Amino acid sequence: MIPAVPATVDGGVHDGAQSANAPLLPETSLKGQRPPARQKRPSTVLPAIAWTVLLLALAGLVVYRQGHGGGQAAAPGDQVAAAGRVVEVAASRGVVQGVSEKSTAPALLGGGAYDWTNAMLAWQRTAFHFQPQKNWMNDPNGPLYYKGWYHLFYQWNPDGAVWGNITWGHAVSRDLVHWLHLPLAMVPDHWYDINGVWTGSATQLPDGRIMMLYTGSTEDGVQVQLLAEPADPSDPLLRRWAKSEANPVLVPPPGVGLTDFRDPTTAWLNPADKAWRIAIGSKNQEHAGLALVYSTEDFVHYDLLPTLLHVVQGTGMWECVDFYPVSAELAAGVGLDTSAAPGPGVKHVLKASLDYDRNDYYAIGTYDPATDRWAPDDAAIDVGIGLRYDYGKFYASKTFYDPVGRRRVLWGWIGESDSERADVLKGWASLQSIPRTVLMDTKTGSNLLQWPVVEVENLRMRGKRFDGLDLQPGSVVPLDVGRATQLDIEAVFQVQAGAAAAGSVAAGAEAPYNCSASAGAAGRGLLGPFGLLVVADDSLSEQTAVYFYLVRGADGKLSTHFCQDAFRSSRANDLVKAVYGSSVPVLTGEDLSVRILVDHSIVESFAQGGRTCITSRVYPTKAIYDSARVFLFNNATNVNVTAKSIKIWELNSAYIRPYPDSS
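Quick summary incoming for the structure in this document. (Residues numbered from 1 in each chain as written. Predicted model: local features only at pLDDT ≥ 70, side-chain atom pairs only at ≥ 80, totals over all residues. Heavy atoms only, no water.)

1. A closer look at the overall build of the protein
Okay, step 1: The number of helices and strands found in the protein is 4 helices and 39 strands.
Okay, step 2: Looking at the protein as a whole, 57% of its 663 residues are labelled buried.
Okay, step 3: Counting contacts in the protein only where the partners sit at least 6 residues apart, residues at least 24 apart contribute 67% of the total.
Okay, step 4: Here the protein displays about 25200 Å² of accessible surface, and carbon together with sulfur accounts for 53% of that area. (Helix = DSSP H or I, 4+ residues; strand = E, 2+ residues; numbered from the N terminus. Buried < 20%, exposed > 50% of the residue type's maximum accessible area, 1.4 Å probe, protein only. Contact = heavy atoms within 4.5 Å. Areas by Shrake-Rupley, 256 points an atom, 1.4 Å probe, with all protein chains shown as cover.)

Now the structure itself:
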């Protein structure tokens, strides 16, 4: 085994390590704040059509039994999680009910069920990413800041670790990192949402009132829009919600499919007529994705406007549409309220979650309040055919404006890449991404910058630094960082001056590169790949590579690709293992930089200040607990790389637990 490189600075990178006795949340008086009892979902009788669907689904169940396939023997003293159990797994979830696919089964290539041990499954639970105590979670809903608390609502199944029985979970935080679970905010208890309380958004009015619009699935499976308001606006925790007597406030208009009408946006105030606008995702008969626009003055009565906010051919159903302004001013550095008026120095972002490929696409453009139309700055990278928030496992995202931090904050649903069988065994599924600030990249003028909220840095404990490490072609360098399952890594690389040009010119232009179609970190080129290996074991039999890959095109110009390779992340065979990534803009004079957050089974990476982001779920069987390691590598054939600066902090666990007396 190659000895690990010692740090040049140990413990001196960041002196803000938390005291063992320091409170994990700001002190809050709990006097007189006893929450009400948890709401119970009433029993209902499903209509005949739902029973038909259920029977068809049962007919398609795939039954996995413990020990089937190429399972590995359990470690001494450990127990195979599935011993003596049979776990039934559905071939598909959500599609029949009119939403995007919620199961990984269609993407798994088979190979049998791995013999996961209890220790392996327990390690996968994250330490500083938000997740419920148990069961299934998906879309973030209605995030907002209210009377000193950040609120996050989310799609949750109170009955199990697979999609279904969707209610609204609810948690609050003082800092977007430490969270307290509250009782359910809303449950499916009316005819108009009995088949699911689905995605929605919050709008705070100038007088402080909150309007929560969300999609409900009726007893007949029709998608309708619904309104709820806090039952007690004086309660900063917003523990009780009242559904409007006017519900449903919107039904699918003529020409829109009954299951193609969902996910209302946060409302914005149109400066032209002082009325509110909301957008709702849909598609037309030609499979074009689109956003409908409605006008309202009271959030109960609505007028469908004759124009579409935007439409893009061939993109299919738009889910979870988001629409918000960003500052284009060079020195702004702050977010904008959703109702910020269009004008010089203001651009608008339109984002859609595409049902057909389950990725989040965005584009930057101009909103005309007089016509209620939005147009992209560059039609070649329009919504659904161009830029993405994240090139990995990231979907159904939602932003909100934080008036305290004067910032726009982004959440994304991070689903699993393992099997439903494993999720049922471990008792939970899915995470929320680390909340990210969103700004326009005023240097390029063509993309957004996403970055973990600054509060994440308060979790930093011991830090180590490595400077000026030379990486020869074909080299792998272990780094001595101690425990390596909860990390914050900042790395800066330099390619040897002149080597890129000389090497490429001598060999001629290289073929175009595509992260997802490549061999990952094992595929060698003249100028890449090079970067870091995280969640790796000593022998590198398990590793997740985060890397750059440079290619010189026929025009002589270099293009930079940023990729994340999970091909070798685990020895298990019942996983979706992929290489994710895209090109990343690198301006003249810039070094190559990346920030990586490692939190057990999730790796989130941000290249060039957040111009390109990638999230992967990883499920190692060996590189867990004290066996996880970090390495530098250079697998290029023709260039020396210098790790100019590597800073690595171990991160503390976040305080995520039930609010006192919230049962």
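Text resumes after the structure shown.
2. Quick notes on unusual backbone geometry
Okay, step 1: Of note, the bond from N247 into P248 is cis; its omega dihedral lies within 30 degrees of zero at -5°.
Okay, step 2: Within the element layout of this structure, P248 appears in the loop between β11 (241-243) and β12 (268-269).
Okay, step 3: In this structure, the amide linkage connecting G528 to the following residue, P529, adopts the cis form with an omega of 10°.
Okay, step 4: Relative to the elements of secondary structure, P529 occurs in strand β30 (residues 527-536).
Okay, step 5: For L238, which is not glycine, the phi torsion reads 50° and is therefore positive.

3. Points about the nonpolar core
Okay, step 1: L479, F493 and L632 are the most contacted members of the largest nonpolar core, which has 57 residues in total.
Okay, step 2: Sorting elements by how many residues they give to this core places β30 first, with 5 residues.
Okay, step 3: Counting the residues that make up this core, at least three belong to each of domain 1 (136-452) and domain 2 (462-500 + 510-651).
Okay, step 4: In terms of nonpolar packing, the next biggest core, distinct from the first, is built from 27 residues, F128, V187, I434 and V456 among them. (Core = buried A, V, L, I, M, F, W, Y, C linked by side-chain atoms within 4.5 Å. Domains from an automatic or database assignment.)

4. Some points on the side chain of D260
Okay, step 1: Note on placement: D260 falls in the loop between β11 and β12.
Okay, step 2: One buried charged residue, D260, remains without a salt bridge, the closest side chain of opposite sign being K283 at 4.4 Å.
Okay, step 3: Setting aside its immediate chain neighbours within four residues, D260 contacts Q223, G281, S282, K283 and M317. (Lys, Arg positive; Asp, Glu negative; His and termini not counted. Salt bridge = Lys/Arg side-chain N within 4 Å of Asp/Glu carboxyl O.)

5. Comments concerning the environment of R571
Okay, step 1: Tracing the backbone through its elements, the reader meets R571 in the loop between β32 (558-565) and β33 (579-583).
Okay, step 2: Note: C-alpha distance between R571 and E542 (29 residues apart in sequence) is 6.9 Å.
Okay, step 3: Among the polar contacts made by the side chain of R571, one reaches the side chain of T621 at a distance of 2.9 Å. (Polar contact = N/O pair within 3.5 Å; in protein donor to acceptor, adjacent residues only side chain to side chain.)

6. Quick look at the pairing of strand β8 (residues 197-204)
Regular strands place side chains that alternate from one sheet face to the opposite one.
Okay, step 1: Most of β8 sits out of view: 7 of its 8 residues are buried.
Okay, step 2: Inspection of the sheet shows β8 paired to strand β9 (residues 210-217) by 6 bridges, in the antiparallel sense. Bridge pairing in β9 places G200 opposite Y214. (Pairing = 2+ DSSP bridges.)

By themselves, these are just geometric observations and shouldn't be taken as functional.
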